[in-house]
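Read off the chains here:
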Amino acid sequence: KNEVEQSPQNLTAQEGEFITINCSYSVGISALHWLQQHPGGGIVSLFMLSSGKKKHGRLIATINIQEKHSSLHITASHPRDSAVYICAVRGRETSGSRLTFGEGTQLTVNP
Amino acid sequence: EAGVTQFPSHSVIEKGQTVTLRCDPISGHDNLYWYRRVMGKEIKFLLHFVKESKQDESGMPNNRFLAERTGGTYSTLKVQPAELEDSGVYFCASSQGTADYGYTFGSGTRLTVV
């Protein structure tokens, strides 16, 4: 079982819908990252969280350390939001600062 | 500021051949990481450099993989000889420090071994 689990694996939405992607992890962490990967593209860092909530434009990320759970929300979704969204954690016990990744959530937003 | 640069972006090689991937991190970033995504699986850690030293190479799959970072600038990842299961996307990332610093990822190198 992966230390980082994401749900759903695939998500299709209509433009304008509110989207939530979930991430659960099983280890103590020092930080959690939400990343975005467009088809054929590199990985872009969206958020780094260790507590609470962060907002950037239409994106909101929350984390509950006690429950070992984080969510990424997209408000007023748009077709350009279509991408793979990846949750990754830096374990508190991990040597150095390597990340452990979830499998990603493929989001498709239709016009 | 220039981002993390990886090349080639794509490489198709035959089983048994050698391939060298290169990563140029952001200038001044001492920490450089290699990760790999094999088809259908999550991205997995390969190794971590701090300057020119290997801090953690526990993710390297076997001794066919050799990573170097001479002079603490760019890094190379050589696969010799390549096997079919080495196919995937190899990502490089760099960060300024290890404690709660963000990471900047490259666009990846898609390696196909046929």
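Okay, so let's go over this structure. Note that the structure is predicted; figures quoted are calculated from it, not measured.

### Describing the nonpolar core
One recurring pattern in soluble globular proteins is that nonpolar side chains are buried together. Of all hydrophobic cores here, the largest spans 22 residues; its most connected members are I19(A), Y25(A), L32(A), W34(A), L72(A) and Y85(A). Within the residue set of this core, elements represented by two or more residues are β3 (19-25), β4 (29-37), β5 (43-49), β7 (59-64), β8 (69-74), β9 (83-91) and β11 (105-110) of chain A.

### Observations concerning the side chain of S95(B)
Position of S95(B) among the secondary structure elements: in strand β9 (residues 88-95). Looking at S95(B), the relative accessible area reads 0%, which means it is buried.

### Topic: the state of the cysteines
Counted under the stated rule, the structure contains two disulfides over all chains. Sulfur-sulfur distance for the disulfide between C23(A) and C87(A) comes to 2.0 Å. Around the S-S axis, the bridge from C23(A) to C87(A) shows a dihedral of about -65 degrees and counts as left-handed. Taken together, the residues C23(A) in strand β3 and C87(A) in strand β9 connect sequence positions 64 residues apart. Given the relative accessible area of 0%, C23(A) is considered buried. In this structure C87(A) comes out as buried when scored by relative accessible area, which is 0%. Note that C23(B) is cross-linked by a disulfide to C92(B), the S-S spacing being 1.8 Å. Around the S-S axis, the bridge from C23(B) to C92(B) shows a dihedral of about -60 degrees and counts as left-handed. Of this pair, C23(B) sits in strand β3 (residues 19-24) while C92(B) sits in strand β9, placing them 69 residues apart in sequence. Per residue, the accessibility class of C23(B) equals that of C92(B), and both read buried.

### Describing the packing of aromatic side chains
What characterises a pair of aromatic rings is the spacing of the ring centres plus the angle enclosed by the ring planes. As enumerated under the stated definition, the model contains six aromatic pairs over all chains in all. Consider the rings of Y33(B) and Y35(B), whose centres lie 6.2 Å apart with planes at 25 degrees: the pair is stacked. Accessibility classification places Y33(B) together with Y35(B) in one group, the buried group. A ring pair is formed by Y35(B) and F45(B), whose centres lie 5.9 Å apart and whose planes are at 70 degrees; its orientation type is edge-to-face. Placement of Y35(B) in strand β4 (residues 31-37) and of F45(B) in strand β5 (residues 43-50) is noted, with a sequence separation of 10 residues between them. Comparing Y35(B) with F45(B) shows no difference in burial state: the two are buried. Joined through ring pairs, the aromatic side chains of F101(A), Y33(B), Y35(B), F45(B), Y103(B) and F105(B) make up one cluster.

Rules behind the numbers
- Residues numbered from 1 in each chain as written.
- Chains lettered and ligands numbered in written order.
- Predicted model: local features only at pLDDT ≥ 70, side-chain atom pairs only at ≥ 80, totals over all residues.
- Heavy atoms only, no water.
- Core = buried A, V, L, I, M, F, W, Y, C linked by side-chain atoms within 4.5 Å.
- Buried < 20%, exposed > 50% of the residue type's maximum accessible area, 1.4 Å probe, protein only.
- Helix = DSSP H or I, 4+ residues; strand = E, 2+ residues; numbered from the N terminus.
- Disulfide = S-S within 2.5 Å.
- Phe/Tyr/Trp six-rings, centres within 6.5 Å; stacked < 30°, edge-to-face > 60°.

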